Protein chains: 2
Amino acid sequence: MTEKEKAGFQGMHGAFSDIAGRRYFDGNVLTVPYESFERMMEAVSRSNCTYAILPIENTVAGSIYQNYDLLGESGLAVVGEVSLRIKHNLLVTNQPPLDQQERIAILKKVGSHFKALEQCIRFFRDNPHIQQSVEFDTAGYAEVVAKQGTIYDGAIASKTAARLYRLHVLRENIEDNPNNITRFLVVGREKQLFGQKASIRFTLKHEPGSLSRAIAAFAREGLNLTKIESRPLIGSPFEYLFYLDFETGNDMTRTGVAIESLGMVADSLDILGYYDKGGISQED
Amino acid sequence: MTEKEKAGFQGMHGAFSDIAGRRYFDGNVLTVPYESFERMMEAVSRSNCTYAILPIENTVAGSIYQNYDLLGESGLAVVGEVSLRIKHNLLVTNQPPLDQQERIAILKKVGSHFKALEQCIRFFRDNPHIQQSVEFDTAGYAEVVAKQGTIYDGAIASKTAARLYRLHVLRENIEDNPNNITRFLVVGREKQLFGQKASIRFTLKHEPGSLSRAIAAFAREGLNLTKIESRPLIGSPFEYLFYLDFETGNDMTRTGVAIESLGMVADSLDILGYYDKGGISQED
(Lines give C-alpha, C1' and ligand atoms only; values in the text may rest on other atoms or scores of the structure.)
Protein backbone atom coordinates (compact mmCIF):
# COMPACT_ATOMS: atom_id res chain seq x y z
CA MET A 1 0.00 0.00 0.00
CA THR A 2 1.47 3.36 -1.03
CA GLU A 3 1.32 6.28 1.30
CA LYS A 4 -1.29 8.91 0.51
CA GLU A 5 -0.20 12.34 -0.67
CA LYS A 6 -0.73 15.17 1.83
CA ALA A 7 -2.46 18.54 1.47
CA GLY A 8 -1.80 21.13 4.18
CA PHE A 9 -4.42 23.56 5.47
CA GLN A 10 -4.37 26.28 8.11
CA GLY A 11 -6.33 25.51 11.25
CA MET A 12 -7.60 22.31 12.80
CA HIS A 13 -9.56 19.44 11.26
CA GLY A 14 -13.06 20.69 10.48
CA ALA A 15 -11.76 24.14 9.34
CA PHE A 16 -13.28 25.41 6.10
CA SER A 17 -9.91 24.99 4.35
CA ASP A 18 -9.91 21.36 5.45
CA ILE A 19 -13.41 20.83 4.04
CA ALA A 20 -12.43 22.59 0.78
CA GLY A 21 -9.37 20.35 0.47
CA ARG A 22 -11.41 17.18 1.09
CA ARG A 23 -13.94 18.21 -1.55
CA TYR A 24 -11.19 19.03 -4.06
CA PHE A 25 -9.25 15.79 -3.61
CA ASP A 26 -12.36 13.70 -2.99
CA GLY A 27 -10.71 11.64 -0.26
CA ASN A 28 -7.62 10.69 -2.29
CA VAL A 29 -5.25 12.94 -0.37
CA LEU A 30 -4.72 13.25 3.38
CA THR A 31 -5.44 16.75 4.74
CA VAL A 32 -2.90 17.90 7.34
CA PRO A 33 -3.41 20.81 9.79
CA TYR A 34 -0.90 23.68 10.10
CA GLU A 35 -0.83 26.39 12.71
CA SER A 36 -0.27 29.19 10.17
CA PHE A 37 -0.34 29.82 6.42
CA GLU A 38 3.42 30.49 6.56
CA ARG A 39 4.16 27.05 8.06
CA MET A 40 1.83 25.39 5.55
CA MET A 41 3.56 27.01 2.56
CA GLU A 42 7.01 26.14 4.01
CA ALA A 43 5.92 22.52 4.36
CA VAL A 44 5.15 22.36 0.63
CA SER A 45 8.43 24.10 -0.25
CA ARG A 46 10.32 21.53 1.86
CA SER A 47 8.36 18.61 0.39
CA ASN A 48 6.83 17.68 3.75
CA CYS A 49 3.49 18.17 2.05
CA THR A 50 2.52 17.84 -1.64
CA TYR A 51 -0.16 20.55 -1.69
CA ALA A 52 -1.44 23.52 0.28
CA ILE A 53 -5.04 24.77 0.39
CA LEU A 54 -4.82 28.57 0.32
CA PRO A 55 -7.95 30.76 0.70
CA ILE A 56 -7.50 33.63 -1.77
CA GLU A 57 -10.81 35.53 -1.98
CA ASN A 58 -14.25 35.68 -0.50
CA THR A 59 -17.44 37.03 -2.06
CA VAL A 60 -18.14 39.17 1.01
CA ALA A 61 -14.66 40.20 2.16
CA GLY A 62 -12.80 40.34 -1.18
CA SER A 63 -9.24 39.29 -1.98
CA ILE A 64 -6.89 38.08 0.75
CA TYR A 65 -3.75 40.08 -0.02
CA GLN A 66 -1.69 38.39 2.70
CA ASN A 67 -2.14 35.04 0.97
CA TYR A 68 -1.38 36.48 -2.47
CA ASP A 69 1.84 37.77 -0.91
CA LEU A 70 2.68 34.38 0.62
CA LEU A 71 2.06 32.70 -2.74
CA GLY A 72 4.23 35.22 -4.57
CA GLU A 73 7.11 34.95 -2.09
CA SER A 74 6.97 31.15 -1.96
CA GLY A 75 7.76 30.53 -5.62
CA LEU A 76 5.18 27.72 -5.48
CA ALA A 77 2.59 27.22 -8.23
CA VAL A 78 -1.20 27.22 -8.40
CA VAL A 79 -2.26 23.77 -9.60
CA GLY A 80 -6.00 23.88 -8.88
CA GLU A 81 -8.91 25.79 -7.38
CA VAL A 82 -12.03 25.01 -5.40
CA SER A 83 -14.75 27.25 -4.00
CA LEU A 84 -16.75 26.50 -0.87
CA ARG A 85 -20.06 27.91 0.28
CA ILE A 86 -19.27 29.05 3.86
CA LYS A 87 -22.00 28.26 6.38
CA HIS A 88 -21.44 29.23 10.01
CA ASN A 89 -23.10 27.36 12.85
CA LEU A 90 -23.45 28.05 16.55
CA LEU A 91 -22.07 25.02 18.38
CA VAL A 92 -22.58 24.27 22.07
CA THR A 93 -21.53 21.53 24.45
CA ASN A 94 -24.85 19.86 25.08
CA GLN A 95 -28.53 20.48 24.90
CA PRO A 96 -30.22 21.01 28.29
CA PRO A 97 -34.04 20.77 28.12
CA LEU A 98 -34.44 24.29 26.75
CA ASP A 99 -35.72 25.56 23.44
CA GLN A 100 -33.20 27.15 21.06
CA GLN A 101 -33.78 30.74 22.15
CA GLU A 102 -33.60 29.84 25.86
CA ARG A 103 -30.36 27.94 25.23
CA ILE A 104 -28.90 30.96 23.41
CA ALA A 105 -30.05 33.21 26.27
CA ILE A 106 -27.83 31.43 28.81
CA LEU A 107 -24.68 31.65 26.67
CA LYS A 108 -22.05 34.02 28.04
CA LYS A 109 -19.19 33.73 25.56
CA VAL A 110 -18.96 32.62 21.93
CA GLY A 111 -15.57 32.32 20.28
CA SER A 112 -14.29 31.86 16.75
CA HIS A 113 -11.74 33.14 14.24
CA PHE A 114 -12.31 36.85 13.58
CA LYS A 115 -13.20 36.19 9.95
CA ALA A 116 -16.11 34.05 11.17
CA LEU A 117 -17.16 36.58 13.85
CA GLU A 118 -17.10 39.31 11.22
CA GLN A 119 -19.47 37.28 9.05
CA CYS A 120 -22.01 36.78 11.86
CA ILE A 121 -22.59 40.39 12.94
CA ARG A 122 -26.39 40.07 12.97
CA PHE A 123 -26.30 37.14 15.40
CA PHE A 124 -24.28 39.14 17.93
CA ARG A 125 -26.36 42.26 17.36
CA ASP A 126 -29.48 40.21 18.17
CA ASN A 127 -27.79 38.69 21.23
CA PRO A 128 -25.87 41.51 22.89
CA HIS A 129 -25.55 39.51 26.13
CA ILE A 130 -22.95 37.26 24.48
CA GLN A 131 -19.29 38.21 24.62
CA GLN A 132 -17.47 37.68 21.31
CA SER A 133 -14.06 36.15 21.78
CA VAL A 134 -11.39 36.06 19.08
CA GLU A 135 -9.78 32.63 18.85
CA PHE A 136 -7.04 31.25 16.63
CA ASP A 137 -9.26 28.97 14.57
CA THR A 138 -12.94 28.08 14.04
CA ALA A 139 -12.61 24.32 14.39
CA GLY A 140 -9.79 24.63 16.92
CA TYR A 141 -12.00 26.60 19.25
CA ALA A 142 -14.85 24.12 18.73
CA GLU A 143 -12.47 21.51 20.14
CA VAL A 144 -11.63 23.76 23.10
CA VAL A 145 -15.34 24.20 23.89
CA ALA A 146 -15.90 20.46 23.55
CA LYS A 147 -13.04 19.66 25.95
CA GLN A 148 -13.15 22.52 28.44
CA GLY A 149 -16.36 24.45 27.80
CA THR A 150 -19.38 24.77 30.06
CA ILE A 151 -23.03 25.36 29.15
CA TYR A 152 -22.15 29.09 29.00
CA ASP A 153 -19.71 28.63 26.09
CA GLY A 154 -20.27 28.44 22.36
CA ALA A 155 -18.18 28.24 19.19
CA ILE A 156 -18.87 29.30 15.62
CA ALA A 157 -17.65 26.66 13.20
CA SER A 158 -18.59 24.16 10.50
CA LYS A 159 -20.92 21.21 10.92
CA THR A 160 -17.93 19.02 10.22
CA ALA A 161 -16.27 20.49 13.32
CA ALA A 162 -19.45 19.79 15.32
CA ARG A 163 -19.31 16.15 14.21
CA LEU A 164 -15.57 15.75 14.81
CA TYR A 165 -15.61 17.28 18.29
CA ARG A 166 -19.11 16.09 19.27
CA LEU A 167 -20.75 19.44 19.75
CA HIS A 168 -24.43 20.17 19.33
CA VAL A 169 -25.46 22.42 16.40
CA LEU A 170 -27.70 24.88 18.24
CA ARG A 171 -28.36 27.14 15.25
CA GLU A 172 -27.45 26.64 11.58
CA ASN A 173 -26.44 29.25 9.01
CA ILE A 174 -25.90 32.23 11.28
CA GLU A 175 -23.78 33.98 8.62
CA ASP A 176 -25.12 37.40 7.60
CA ASN A 177 -24.80 36.85 3.89
CA PRO A 178 -26.22 33.74 2.24
CA ASN A 179 -23.83 34.28 -0.68
CA ASN A 180 -20.70 33.76 1.37
CA ILE A 181 -18.31 31.79 -0.84
CA THR A 182 -14.56 31.42 -0.37
CA ARG A 183 -12.30 30.52 -3.28
CA PHE A 184 -9.23 28.43 -2.40
CA LEU A 185 -6.16 27.88 -4.56
CA VAL A 186 -4.53 24.48 -4.52
CA VAL A 187 -0.79 25.11 -4.41
CA GLY A 188 2.01 22.71 -5.35
CA ARG A 189 5.71 22.74 -6.13
CA GLU A 190 5.67 22.18 -9.88
CA LYS A 191 4.13 24.59 -12.37
CA GLN A 192 1.74 22.81 -14.71
CA LEU A 193 2.15 23.62 -18.40
CA PHE A 194 -1.55 23.42 -19.25
CA GLY A 195 -4.89 24.17 -17.70
CA GLN A 196 -8.30 25.70 -18.41
CA LYS A 197 -7.41 28.77 -16.33
CA ALA A 198 -4.36 30.84 -15.50
CA SER A 199 -3.54 33.17 -12.62
CA ILE A 200 -0.91 35.83 -13.19
CA ARG A 201 0.35 38.97 -11.49
CA PHE A 202 2.14 41.85 -13.13
CA THR A 203 3.21 45.43 -12.50
CA LEU A 204 2.57 48.36 -14.79
CA LYS A 205 3.71 51.95 -14.88
CA HIS A 206 0.99 54.17 -13.55
CA GLU A 207 0.18 56.05 -16.78
CA PRO A 208 -2.74 56.49 -19.17
CA GLY A 209 -3.38 53.47 -21.38
CA SER A 210 -0.98 51.07 -19.63
CA LEU A 211 -3.70 48.62 -18.52
CA SER A 212 -5.49 48.90 -21.85
CA ARG A 213 -2.26 47.95 -23.68
CA ALA A 214 -1.61 45.19 -21.14
CA ILE A 215 -4.92 43.40 -21.64
CA ALA A 216 -5.48 44.15 -25.34
CA ALA A 217 -3.83 40.89 -26.39
CA PHE A 218 -6.23 38.82 -24.26
CA ALA A 219 -9.15 40.34 -26.19
CA ARG A 220 -7.37 39.81 -29.53
CA GLU A 221 -6.73 36.15 -28.70
CA GLY A 222 -10.33 35.66 -27.52
CA LEU A 223 -9.37 34.81 -23.92
CA ASN A 224 -11.96 35.52 -21.24
CA LEU A 225 -10.82 37.39 -18.11
CA THR A 226 -12.41 36.05 -14.91
CA LYS A 227 -10.73 38.39 -12.41
CA ILE A 228 -8.81 41.63 -12.48
CA GLU A 229 -7.70 43.64 -9.51
CA SER A 230 -5.27 46.50 -9.06
CA ARG A 231 -3.36 46.88 -5.83
CA PRO A 232 -1.42 50.04 -5.09
CA LEU A 233 2.22 49.34 -4.27
CA ILE A 234 2.98 51.24 -1.08
CA GLY A 235 6.18 53.18 -1.54
CA SER A 236 5.88 52.92 -5.34
CA PRO A 237 3.23 55.52 -6.19
CA PHE A 238 4.04 55.34 -9.88
CA GLU A 239 3.60 51.61 -10.28
CA TYR A 240 0.62 49.33 -9.79
CA LEU A 241 0.38 45.60 -9.13
CA PHE A 242 -2.37 43.64 -10.86
CA TYR A 243 -3.86 40.21 -10.26
CA LEU A 244 -5.44 38.68 -13.36
CA ASP A 245 -7.17 35.33 -13.89
CA PHE A 246 -8.23 34.24 -17.35
CA GLU A 247 -9.58 31.24 -19.20
CA THR A 248 -7.07 29.75 -21.60
CA GLY A 249 -9.77 28.01 -23.65
CA ASN A 250 -7.25 25.13 -23.48
CA ASP A 251 -5.38 26.92 -26.25
CA MET A 252 -1.84 27.29 -24.99
CA THR A 253 -0.72 28.91 -28.26
CA ARG A 254 -3.15 31.82 -27.92
CA THR A 255 -2.37 31.93 -24.20
CA GLY A 256 1.35 32.13 -24.94
CA VAL A 257 0.82 34.97 -27.43
CA ALA A 258 -1.25 36.97 -24.92
CA ILE A 259 1.28 36.42 -22.11
CA GLU A 260 4.13 37.41 -24.40
CA SER A 261 2.36 40.63 -25.44
CA LEU A 262 1.67 41.45 -21.81
CA GLY A 263 5.33 40.80 -20.97
CA MET A 264 6.36 43.48 -23.51
CA VAL A 265 4.45 46.23 -21.66
CA ALA A 266 4.64 45.02 -18.03
CA ASP A 267 7.54 45.96 -15.74
CA SER A 268 7.33 42.51 -14.16
CA LEU A 269 5.21 39.43 -14.83
CA ASP A 270 4.73 36.22 -12.82
CA ILE A 271 2.68 33.26 -13.96
CA LEU A 272 1.26 31.90 -10.70
CA GLY A 273 -0.01 28.78 -12.44
CA TYR A 274 -2.15 27.01 -15.03
CA TYR A 275 -4.90 24.82 -13.62
CA ASP A 276 -8.33 23.41 -14.29
CA LYS A 277 -11.46 25.31 -13.42
CA GLY A 278 -13.02 24.31 -10.09
CA GLY A 279 -16.64 24.27 -9.01
CA ILE A 280 -18.47 25.53 -5.93
CA SER A 281 -18.68 22.83 -3.26
CA GLN A 282 -21.08 22.56 -0.34
CA GLU A 283 -20.12 21.29 3.08
CA ASP A 284 -23.10 18.96 3.30
CA MET B 1 -22.83 82.75 13.80
CA THR B 2 -23.93 80.14 11.27
CA GLU B 3 -24.19 76.54 12.30
CA LYS B 4 -21.36 74.29 11.15
CA GLU B 5 -22.04 71.60 8.54
CA LYS B 6 -21.94 68.03 9.85
CA ALA B 7 -20.03 64.97 8.65
CA GLY B 8 -21.16 61.58 9.97
CA PHE B 9 -18.79 58.74 10.78
CA GLN B 10 -19.31 55.23 12.13
CA GLY B 11 -18.11 54.68 15.69
CA MET B 12 -17.35 57.01 18.56
CA HIS B 13 -15.22 60.16 18.66
CA GLY B 14 -11.61 59.12 18.25
CA ALA B 15 -12.48 56.42 15.66
CA PHE B 16 -10.23 56.40 12.59
CA SER B 17 -13.15 57.59 10.43
CA ASP B 18 -13.54 60.55 12.78
CA ILE B 19 -9.84 61.39 12.48
CA ALA B 20 -10.00 61.05 8.67
CA GLY B 21 -13.02 63.37 8.58
CA ARG B 22 -11.31 65.98 10.76
CA ARG B 23 -8.22 65.89 8.55
CA TYR B 24 -10.30 66.20 5.38
CA PHE B 25 -12.44 69.11 6.57
CA ASP B 26 -9.63 70.68 8.61
CA GLY B 27 -11.92 71.62 11.49
CA ASN B 28 -14.51 73.41 9.32
CA VAL B 29 -17.14 70.72 9.69
CA LEU B 30 -18.47 69.06 12.83
CA THR B 31 -17.92 65.26 12.91
CA VAL B 32 -20.92 63.34 14.26
CA PRO B 33 -20.82 59.70 15.49
CA TYR B 34 -23.23 57.04 14.15
CA GLU B 35 -23.76 53.56 15.46
CA SER B 36 -23.64 51.93 12.02
CA PHE B 37 -22.72 52.75 8.43
CA GLU B 38 -26.38 52.24 7.47
CA ARG B 39 -27.57 54.90 9.95
CA MET B 40 -24.83 57.26 8.83
CA MET B 41 -25.80 56.97 5.15
CA GLU B 42 -29.50 57.38 6.02
CA ALA B 43 -28.68 60.56 7.94
CA VAL B 44 -27.12 62.07 4.80
CA SER B 45 -30.06 60.93 2.65
CA ARG B 46 -32.46 62.60 5.09
CA SER B 47 -30.38 65.77 5.28
CA ASN B 48 -29.63 65.31 8.98
CA CYS B 49 -25.99 65.36 8.01
CA THR B 50 -24.25 66.99 5.02
CA TYR B 51 -21.52 64.39 4.53
CA ALA B 52 -20.57 60.84 5.47
CA ILE B 53 -17.03 59.48 5.89
CA LEU B 54 -17.07 56.01 4.36
CA PRO B 55 -14.01 53.71 4.56
CA ILE B 56 -13.79 52.00 1.16
CA GLU B 57 -10.45 50.17 0.98
CA ASN B 58 -7.41 49.32 3.01
CA THR B 59 -3.91 48.53 1.78
CA VAL B 60 -3.78 45.36 3.89
CA ALA B 61 -7.38 44.11 3.78
CA GLY B 62 -8.46 45.33 0.32
CA SER B 63 -11.81 46.76 -0.78
CA ILE B 64 -14.74 46.95 1.62
CA TYR B 65 -17.55 45.53 -0.51
CA GLN B 66 -20.23 46.17 2.13
CA ASN B 67 -19.55 49.90 1.95
CA TYR B 68 -19.48 49.88 -1.86
CA ASP B 69 -22.91 48.24 -1.65
CA LEU B 70 -24.20 50.84 0.83
CA LEU B 71 -22.94 53.63 -1.42
CA GLY B 72 -24.55 52.06 -4.50
CA GLU B 73 -27.91 51.53 -2.79
CA SER B 74 -27.97 54.99 -1.21
CA GLY B 75 -27.96 56.96 -4.45
CA LEU B 76 -25.59 59.41 -2.71
CA ALA B 77 -22.49 60.80 -4.44
CA VAL B 78 -18.76 60.69 -3.77
CA VAL B 79 -17.60 64.28 -3.33
CA GLY B 80 -14.12 63.76 -1.90
CA GLU B 81 -11.52 61.30 -0.65
CA VAL B 82 -8.95 61.14 2.12
CA SER B 83 -6.49 58.41 3.13
CA LEU B 84 -5.27 57.86 6.67
CA ARG B 85 -2.23 55.96 7.89
CA ILE B 86 -3.73 53.60 10.51
CA LYS B 87 -1.66 53.26 13.68
CA HIS B 88 -2.97 51.05 16.47
CA ASN B 89 -2.06 51.63 20.11
CA LEU B 90 -2.50 49.58 23.24
CA LEU B 91 -4.36 51.77 25.73
CA VAL B 92 -4.71 51.04 29.45
CA THR B 93 -6.38 52.73 32.41
CA ASN B 94 -3.35 53.90 34.32
CA GLN B 95 0.29 53.20 34.71
CA PRO B 96 1.23 51.36 37.91
CA PRO B 97 4.97 51.48 38.72
CA LEU B 98 5.79 48.72 36.26
CA ASP B 99 7.81 48.73 33.08
CA GLN B 100 5.96 48.27 29.78
CA GLN B 101 6.44 44.52 29.56
CA GLU B 102 5.40 43.96 33.18
CA ARG B 103 2.31 46.11 32.65
CA ILE B 104 1.41 44.05 29.52
CA ALA B 105 2.00 40.84 31.50
CA ILE B 106 -0.79 41.63 33.98
CA LEU B 107 -3.38 42.39 31.27
CA LYS B 108 -6.13 39.79 31.03
CA LYS B 109 -8.39 41.12 28.29
CA VAL B 110 -7.86 43.53 25.39
CA GLY B 111 -10.81 44.56 23.25
CA SER B 112 -11.31 46.38 19.98
CA HIS B 113 -13.20 46.26 16.69
CA PHE B 114 -12.32 43.05 14.82
CA LYS B 115 -10.70 44.98 11.99
CA ALA B 116 -8.23 46.37 14.54
CA LEU B 117 -7.68 42.99 16.23
CA GLU B 118 -7.04 41.44 12.82
CA GLN B 119 -4.35 44.03 12.15
CA CYS B 120 -2.51 43.32 15.43
CA ILE B 121 -2.03 39.56 15.16
CA ARG B 122 1.64 39.68 16.16
CA PHE B 123 0.92 41.46 19.42
CA PHE B 124 -1.54 38.77 20.51
CA ARG B 125 0.75 35.99 19.27
CA ASP B 126 3.53 37.45 21.45
CA ASN B 127 1.13 37.77 24.41
CA PRO B 128 -0.98 34.62 24.43
CA HIS B 129 -2.07 35.28 28.03
CA ILE B 130 -4.34 38.10 26.81
CA GLN B 131 -7.90 37.32 25.78
CA GLN B 132 -8.97 39.14 22.59
CA SER B 133 -12.45 40.54 22.84
CA VAL B 134 -14.47 41.76 19.85
CA GLU B 135 -16.14 45.09 20.59
CA PHE B 136 -18.38 47.33 18.51
CA ASP B 137 -15.85 50.11 18.01
CA THR B 138 -12.19 50.96 18.68
CA ALA B 139 -12.75 54.34 20.34
CA GLY B 140 -16.04 53.23 21.89
CA TYR B 141 -14.30 50.42 23.72
CA ALA B 142 -11.54 52.79 24.81
CA GLU B 143 -14.27 54.79 26.54
CA VAL B 144 -15.64 51.62 28.17
CA VAL B 145 -12.18 50.75 29.53
CA ALA B 146 -11.72 54.32 30.76
CA LYS B 147 -15.06 54.28 32.59
CA GLN B 148 -15.39 50.69 33.78
CA GLY B 149 -12.05 48.99 33.18
CA THR B 150 -9.57 47.71 35.75
CA ILE B 151 -5.79 47.33 35.49
CA TYR B 152 -6.46 43.98 33.78
CA ASP B 153 -8.22 45.62 30.78
CA GLY B 154 -6.87 47.19 27.63
CA ALA B 155 -8.22 48.66 24.39
CA ILE B 156 -6.70 48.99 20.94
CA ALA B 157 -7.49 52.39 19.47
CA SER B 158 -6.08 55.66 18.18
CA LYS B 159 -4.00 58.14 20.19
CA THR B 160 -6.86 60.56 19.72
CA ALA B 161 -9.10 58.11 21.60
CA ALA B 162 -6.48 57.86 24.38
CA ARG B 163 -6.50 61.65 24.71
CA LEU B 164 -10.32 61.98 24.57
CA TYR B 165 -11.00 59.25 27.15
CA ARG B 166 -7.84 59.82 29.22
CA LEU B 167 -6.20 56.46 28.77
CA HIS B 168 -2.49 55.79 28.92
CA VAL B 169 -0.74 54.75 25.65
CA LEU B 170 1.13 51.69 26.88
CA ARG B 171 2.54 50.68 23.49
CA GLU B 172 2.43 52.55 20.18
CA ASN B 173 2.13 51.16 16.66
CA ILE B 174 1.23 47.57 17.47
CA GLU B 175 -0.18 47.06 13.95
CA ASP B 176 1.48 44.20 12.04
CA ASN B 177 1.96 46.11 8.83
CA PRO B 178 3.59 49.55 8.80
CA ASN B 179 1.91 50.26 5.45
CA ASN B 180 -1.61 50.11 6.82
CA ILE B 181 -3.53 52.87 5.03
CA THR B 182 -7.31 53.20 4.79
CA ARG B 183 -8.91 55.23 2.02
CA PHE B 184 -12.18 56.97 2.91
CA LEU B 185 -14.73 58.42 0.52
CA VAL B 186 -16.47 61.61 1.48
CA VAL B 187 -20.12 61.16 0.53
CA GLY B 188 -22.74 63.86 -0.02
CA ARG B 189 -26.19 64.28 -1.54
CA GLU B 190 -25.35 66.21 -4.70
CA LYS B 191 -23.22 64.83 -7.51
CA GLN B 192 -20.44 67.26 -8.43
CA LEU B 193 -20.02 67.92 -12.14
CA PHE B 194 -16.24 68.27 -12.03
CA GLY B 195 -13.28 66.84 -10.18
CA GLN B 196 -9.73 65.54 -10.66
CA LYS B 197 -10.93 61.97 -10.14
CA ALA B 198 -14.00 59.86 -10.82
CA SER B 199 -15.32 56.65 -9.29
CA ILE B 200 -17.66 54.53 -11.37
CA ARG B 201 -19.10 51.04 -11.29
CA PHE B 202 -20.37 49.05 -14.23
CA THR B 203 -21.40 45.55 -15.23
CA LEU B 204 -20.17 43.68 -18.28
CA LYS B 205 -21.10 40.45 -19.95
CA HIS B 206 -18.63 37.77 -19.02
CA GLU B 207 -17.08 37.21 -22.45
CA PRO B 208 -13.69 37.58 -24.15
CA GLY B 209 -12.72 41.18 -24.87
CA SER B 210 -15.53 42.84 -22.91
CA LEU B 211 -13.23 44.57 -20.41
CA SER B 212 -10.76 45.49 -23.11
CA ARG B 213 -13.56 47.20 -25.10
CA ALA B 214 -14.86 48.83 -21.92
CA ILE B 215 -11.59 50.52 -20.97
CA ALA B 216 -10.22 51.21 -24.48
CA ALA B 217 -11.75 54.69 -24.54
CA PHE B 218 -9.95 55.69 -21.32
CA ALA B 219 -6.62 54.88 -22.99
CA ARG B 220 -7.66 56.70 -26.19
CA GLU B 221 -8.61 59.80 -24.20
CA GLY B 222 -5.37 59.67 -22.18
CA LEU B 223 -7.14 59.14 -18.84
CA ASN B 224 -5.16 57.37 -16.13
CA LEU B 225 -6.86 54.50 -14.26
CA THR B 226 -6.06 54.47 -10.53
CA LYS B 227 -8.13 51.44 -9.51
CA ILE B 228 -9.85 48.56 -11.22
CA GLU B 229 -11.48 45.61 -9.54
CA SER B 230 -13.84 42.91 -10.74
CA ARG B 231 -16.37 41.43 -8.38
CA PRO B 232 -18.28 38.30 -9.31
CA LEU B 233 -22.05 38.80 -9.10
CA ILE B 234 -23.38 35.88 -7.12
CA GLY B 235 -26.31 34.36 -8.93
CA SER B 236 -25.21 36.02 -12.21
CA PRO B 237 -22.33 33.85 -13.36
CA PHE B 238 -22.32 35.43 -16.80
CA GLU B 239 -21.98 39.01 -15.68
CA TYR B 240 -19.29 40.84 -13.72
CA LEU B 241 -19.38 44.02 -11.66
CA PHE B 242 -16.40 46.36 -11.90
CA TYR B 243 -15.21 49.24 -9.74
CA LEU B 244 -13.08 51.76 -11.62
CA ASP B 245 -11.42 54.98 -10.46
CA PHE B 246 -9.68 57.25 -12.95
CA GLU B 247 -8.09 60.66 -13.19
CA THR B 248 -10.09 63.06 -15.34
CA GLY B 249 -7.08 65.32 -15.94
CA ASN B 250 -9.69 68.04 -15.25
CA ASP B 251 -10.85 67.48 -18.82
CA MET B 252 -14.56 66.82 -18.60
CA THR B 253 -14.87 66.59 -22.39
CA ARG B 254 -12.45 63.67 -22.64
CA THR B 255 -14.01 62.21 -19.51
CA GLY B 256 -17.48 62.45 -21.06
CA VAL B 257 -16.31 60.74 -24.26
CA ALA B 258 -14.74 57.87 -22.29
CA ILE B 259 -17.83 57.42 -20.10
CA GLU B 260 -20.09 57.48 -23.16
CA SER B 261 -17.99 54.83 -24.92
CA LEU B 262 -18.07 52.65 -21.80
CA GLY B 263 -21.84 53.11 -21.60
CA MET B 264 -22.18 51.63 -25.12
CA VAL B 265 -20.59 48.30 -24.08
CA ALA B 266 -21.64 48.07 -20.41
CA ASP B 267 -24.90 46.47 -19.31
CA SER B 268 -25.19 49.06 -16.55
CA LEU B 269 -23.12 52.07 -15.52
CA ASP B 270 -23.21 54.27 -12.40
CA ILE B 271 -21.10 57.34 -11.87
CA LEU B 272 -20.47 57.32 -8.13
CA GLY B 273 -18.99 60.81 -8.24
CA TYR B 274 -16.40 63.34 -9.44
CA TYR B 275 -14.14 64.72 -6.75
CA ASP B 276 -10.69 66.11 -6.09
CA LYS B 277 -7.73 63.88 -5.35
CA GLY B 278 -6.98 63.49 -1.62
CA GLY B 279 -3.68 62.96 0.13
CA ILE B 280 -2.51 60.56 2.83
CA SER B 281 -3.01 62.05 6.31
CA GLN B 282 -1.33 61.10 9.57
CA GLU B 283 -3.05 61.02 12.93
CA ASP B 284 -0.29 62.97 14.65
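Residues numbered from 1 in each chain as written. Chains lettered and ligands numbered in written order. Predicted model: local features only at pLDDT ≥ 70, side-chain atom pairs only at ≥ 80, totals over all residues. Heavy atoms only, no water.

1. Comments concerning the pattern of salt bridges
Where charged atoms of side chains with opposite charge meet at close range, the side chains can pair.
No. 1: Taken as a whole, this structure holds 42 salt bridges over all chains when the rule is applied.
No. 2: In this structure, Asp69(A) engages Arg231(A) in a salt bridge whose closest nitrogen and oxygen atoms are separated by 2.9 Å. One end of the pair, Asp69(A), is in helix 3 (residues 65-74); the other, Arg231(A), is in strand 13 (residues 225-232), and 162 residues separate them in sequence.
No. 3: What makes Asp69(A) partly exposed here is its relative accessible area of 24%.
No. 4: Arg46(B) is paired through a salt bridge with Glu42(B); the nearest N and O atoms lie 4.0 Å apart.
No. 5: Since its relative accessible area comes to 59%, Arg46(B) is described here as exposed.
No. 6: Of the residues examined, Glu42(B) reaches a relative accessible area of 33% and is grouped as partly exposed.
No. 7: Overlapping salt bridges bring together Glu57(A), Glu81(A), Arg183(A), Lys197(A), Lys227(A), Glu229(A) and Asp245(A) as one network. (Salt bridge = Lys/Arg side-chain N within 4 Å of Asp/Glu carboxyl O. Helix = DSSP H or I, 4+ residues; strand = E, 2+ residues; numbered from the N terminus. Buried < 20%, exposed > 50% of the residue type's maximum accessible area, 1.4 Å probe, protein only.)

2. Re the domain arrangement of chain A
All names here are of chain A.
No. 1: For chain A, the assigned domains are domain 1 (5-86 + 180-190), domain 2 (89-171) and domain 3 (197-275).
No. 2: Once you take the C-alpha centre of each, domain 1 and domain 3 turn out to be 23 Å apart.
No. 3: In this assembly, 15 residues from domain 1 lie in contact with 13 residues from domain 3.
No. 4: Here domain 1 meets domain 3 over a buried area of about 1100 Å², counting both sides, of which 47% is carbon and sulfur.
No. 5: There are four salt bridges connecting domain 1 and domain 3.
No. 6: One salt bridge connects Asp 245 with Arg 183, and the closest N-O pair in it is separated by 3.0 Å.
No. 7: Between domain 1 and domain 3 we count 10 residue pairs in polar contact (both at pLDDT 80 or more) in total.
No. 8: By residue class, the composition of the side of domain 1 that touches domain 3 is eight nonpolar, three polar and four charged. (Domains from an automatic or database assignment. Contact = heavy atoms within 4.5 Å. Buried area = accessible area lost by both parts, 1.4 Å probe. Polar contact = N/O pair within 3.5 Å; in protein donor to acceptor, adjacent residues only side chain to side chain. Nonpolar A, V, L, I, M, F, W, Y, C, P; charged D, E, K, R; others polar.)

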